[in-house]
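Fold and contact review
Now for the letters of each chain:
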Amino acid sequence: GFFQSYAVEVDIKDASNATCLYADWMMKFLITYESNNGDYKNTTLNLSSNVTHNGSICGNDTQAALVAVQFGEGHSWSINITKNNETYQGDFITLTYNTNDTAVFPDAKRRGPVTVLVKDPLPPVQLNTVFVCHNSYLVEAENTTQIFWNVTVQAFVQNGTVSKKESRCPADTPTSAPTVPPTTANVTTASTTTLSPAPTSAPKPVENPDTGNYSLKSGNKTCFLATVGLQLNVSQDKPLLININPKTTVADGACGNTTATLKLNDGNSTLIGF
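Residues numbered from 1 in each chain as written. Predicted model: local features only at pLDDT ≥ 70, side-chain atom pairs only at ≥ 80, totals over all residues. Heavy atoms only, no water.

Where we set the bar: UniProt positions are given in the numbering used here, feature names are shortened, and annotations may be inferred rather than shown by experiment.
If you check an unreviewed UniProt entry, the protein appears there as Lysosome-associated membrane glycoprotein 2 from Leucopsar rothschildi. UniProt, in its Sequence similarities (unreviewed entry) section for the protein, records the words "Belongs to the LAMP family."

As structure tokens, this is what we get:
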């Protein structure tokens, strides 16, 4: 596998011993922390083999459902899920990591639990539908990057049976290339049939993106180097072509012992993670 971590499976039962909330997923955390000598270091927090889910609850029309897991040396993670009319949606994700865990934070300046609260970015899901996301996606906040993959979740399960109807995440949705070459404009149109006469001038050729040099440091040492030109071709209602401009793009991220994450933000709400 691309990531090394343990899977978590939570099957919450109601008073009649019927499944009311089901979740099966994998996750890991990249964390930047301050060491005793004042340097900032990057570490990777993985799930342990012993995971509990104390405090998880079914939820109802007036109370949010809660998936809560505890693992390792005092670490925990939870998400509360609310129901609204015909949909359910994650509300807030809470990660608490314990820097007293010297195996993960061997020389942390701050000792004890640290809690990070972040809004769940995923869209609502129809009731009686299971949310599935095989590809990885990131949630970032306060020097942490939470990575999730192989996710299967259904809250407010009806009749104790997990639905066979799926709602897939955007990362799992295949995209198709436009049927005409994209131009340098932000938006191009693609059509398979037309009765209009051919344009009098040919479209401009596709411009190659400028090459950028991006790097990350861990302390005083460079831990990640990338020299790359990036062009995004997003197929939605209309194809959208985006060249990433290295002059206005900021590199951020974290390097761990076995995993490194490079985040590029072009300042125009485009965030790319490697």
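1. Some details on the sheet that holds strand E19 (residues 260-265)
Short version of the rule: Between any two strands, at least two bridges found by DSSP are needed for them to pair. Secondary structure follows DSSP: runs of H or I at least 4 residues long count as helices, runs of E at least 2 residues long count as strands, and numbering of each begins at the N terminus. Each axis is a line fitted through C-alpha atoms, and for a helix only the stretch in contact is used; angles between axes span 0 to 180 degrees, taken between their N-to-C directions.
Read across the sheet, 3 strands follow the order E18-E19-E20 without closing on themselves; strand pairing throughout is antiparallel. At either margin of the open sheet sits one strand with a lone partner, and together these are strand E18 (250-255) and strand E20 (271-273). Within this sheet the neighbouring strands show an average axis-to-axis angle of 15 degrees, counted without direction. Taken together, the 3 bridges between E19 and E20 define a ladder with antiparallel strand orientation. If you follow lysine 263 over to E20, its bridge partner there is glycine 273.

2. Here's the deal with the state of the cysteines
Note the cut-off: The disulfide definition used here is simple: a pair of cysteine sulfur atoms within 2.5 Å. When accessible area is computed with a 1.4 Å probe and restricted to protein chains, residues below 20% of their type maximum are described as buried, those above 50% as exposed, and intermediate ones as partly exposed.
One pass over the structure, following the stated rule, counts 3 disulfides. A disulfide bridge connects cysteine 20 with cysteine 58, and the sulfur atoms are separated by 1.8 Å. Measuring the twist about the S-S bond at about -70 degrees, one finds the cysteine 20-cysteine 58 disulfide to be left-handed. Of this pair, cysteine 20 sits in strand E2 (residues 19-34) while cysteine 58 sits in the loop between strand E4 (51-52) and strand E5 (65-71); the two residues are 38 residues apart in sequence, bridging distant segments of the chain. With respect to class, cysteine 20 is no different from cysteine 58; both count as buried. Two residues share a disulfide in this structure: cysteine 223 and cysteine 255, whose sulfurs sit 2.0 Å from each other. Taking the sign of the S-S torsion, about 75 degrees here, the bridge from cysteine 223 to cysteine 255 comes out right-handed.

3. Focus: the nonpolar core
Note the threshold: Nonpolar cores are built from buried Ala, Val, Leu, Ile, Met, Phe, Trp, Tyr and Cys residues. Side-chain atoms within 4.5 Å join them into one set.
Core analysis: the biggest nonpolar cluster contains 45 residues, and Trp25, Trp77 and Ile81 have the highest contact counts within it. Ranked by residues supplied to this core, first place goes to E2 with 8 residues. Core analysis: the second largest hydrophobic core is formed by 10 residues, Tyr214, Ile244, Cys255 and Leu262 among them.

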